[in-house]
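In case you want the letters, here they are:
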Amino acid sequence: MNFASDNTGPVAGPILQAIVDANAGAAMPYGNDPWMRQVTEQIRTLFNWPEAEVLLVATGTGANALALAGLVQPWETVLCHRIAHIEEDECGAPEFYTGGAKLVLIDGAQGRIDKDALAAMIARTGGSVHNVQKGALSLTNVTEAGTLYSLDQLGALTGMAKDAGIRTHLDGARFANACAALDCTAAEMVRGFDMVSFGGTKNGCMGVEAIVMRDPAHHWEMQLRRKRAAQLWSKHRFLSAQMLAYLQNDLWLDNARAANAAGQRLAKGLRDIGARMEWEPQANMIFCRLPRSAHDKAQAEAQYYLMDNAEEPLCRLVCDFTKTEAEVDRLLELFAG
């Protein structure tokens, strides 16, 4: 059993079949394939951004770093939560691809940026040639703590940013899980954002992420940035075919609902056996503390991450879309001893 990450899950059947089907004959390279035109139209409809442009890349780090590079200048800031993926897990890629824009870390409980902390940071950013200037705000939903921003919370934070002339980016590596958990539409989720990293890899794709730009004026620059970053695939049809299959028949949402359901079943079971939740699990990712003896038993059969060496170590458990009730219940049996 593997609960280490939703990255460990397999490729969803319809997506794998779409890759096989796209392998027949020839297709124009570099995003000029017919699948890509359909992807763009479907995302425009999904987001209710009728003029949006879409670029596909192979990795989430590539999507985030390039999106931010299209939003900020090297002398500007990227405001993000202290545990954001762009801060902790991308090896300086955002700073590299933006040419040195400064990541400014903001605190907030449950992995969410605190509104007052954001206001204070905005107030003391810029204003002098000696300071870094206001750039972009990057939010993540589902957060890196496994929690959610509500639509109202997203609207409040993006509204503050807009009022201050700050551009907005959504790290949507688990975008589908957030929509499923909030029971909202994609259009509602992206309402306050300028650019979105729309994730597929964690939710059943082989490896594809979309950079979605509300303003088509960014498109040419972003094409150049993607090429320069070595993220423009020549056999692009295999990215396009994945994303198109992911979007069709709401596969993106169905997979997320399945992952979330498994995560919530696991969270309830963990509470029942006395696990201490580090943060409130709201989708498919759980951080909790259990006695070391429980981990000794569980890790004989299951893979997942221990995050520290405390007497009751913090563990991270993530459910992908294939997790069954039987797998979840077996893990709980192991933890319970």
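Note: the structure precedes this text.
Residues numbered from 1 in each chain as written. Predicted model: local features only at pLDDT ≥ 70, side-chain atom pairs only at ≥ 80, totals over all residues. Heavy atoms only, no water.

Hydrogen bonding along the main chain pairs the strands of a sheet, whether they run parallel or antiparallel. Spatially, β8-β9-β11-β10 is the arrangement adopted by the 4 strands of the open sheet, whose pairing is antiparallel. Looking at which strands have only one partner, the edges of the open sheet turn out to be β8 (276-277) and β10 (305-306). Note: β8 against strand β9 (residues 285-289), 2 bridges, orientation antiparallel. Among the inter-strand pairings, Arg276 is bridged to a residue of β9, identified as Arg289. Across the face of the sheet, helix α12 (residues 251-272) comes into contact with β8, β9 and β11 (314-318) while running at roughly 15° to β9. (Pairing = 2+ DSSP bridges. Helix = DSSP H or I, 4+ residues; strand = E, 2+ residues; numbered from the N terminus. Contact = heavy atoms within 4.5 Å. Axes fitted to C-alpha atoms, helices over the stretch in contact; angles between N-to-C directions.)

A sheet is described by the order of its strands in space; here 7 strands give the open sequence β1-β7-β6-β5-β4-β2-β3, paired in mixed fashion. A single partner strand is all that each edge strand has here, and the edge strands are β1 (53-57) and β3 (102-106). Strand-to-strand, the axes of this sheet are offset by a mean angle of 20°, without reference to chain direction. Relative to strand β7 (residues 209-213), strand β6 (residues 195-199) runs antiparallel, the two being bridged by 5 bridges. Residue pairing across strands places Gly199 opposite Glu209, the latter belonging to β7. In the packing of helix α2 (residues 34-47) onto the sheet, the strands contacted are β1, β6 and β7, and the crossing angle to β1 comes to about 120°.

If you check which residues of helix α10 (residues 219-228) are buried, you get His219, Met222 and Arg226. Viewed end-on, α10 has its buried residues packed into an arc of 65°, placing them on one side of the element. Turned more than 90 degrees off the buried face of α10, the exposed positions are Trp220 and Arg228. For α10, the elements touching its buried residues are β1, α3 (60-69), β6 and β7. Within two residues after α10, Ala230 carries a phi angle of roughly 65°, on the positive side. (Buried < 20%, exposed > 50% of the residue type's maximum accessible area, 1.4 Å probe, protein only. Arc of directions from axis to C-beta.)

The peptide bond linking Asn141 to Val142 adopts the cis configuration, its omega dihedral lying at 5°. Residue position: Val142 is located in the loop between β4 (133-140) and α7 (151-163). Even without a glycine there, the phi angle at Cys91 is positive, about 55°. By secondary structure assignment, the location of Cys91 is in the loop between α4 (85-88) and α5 (93-97).

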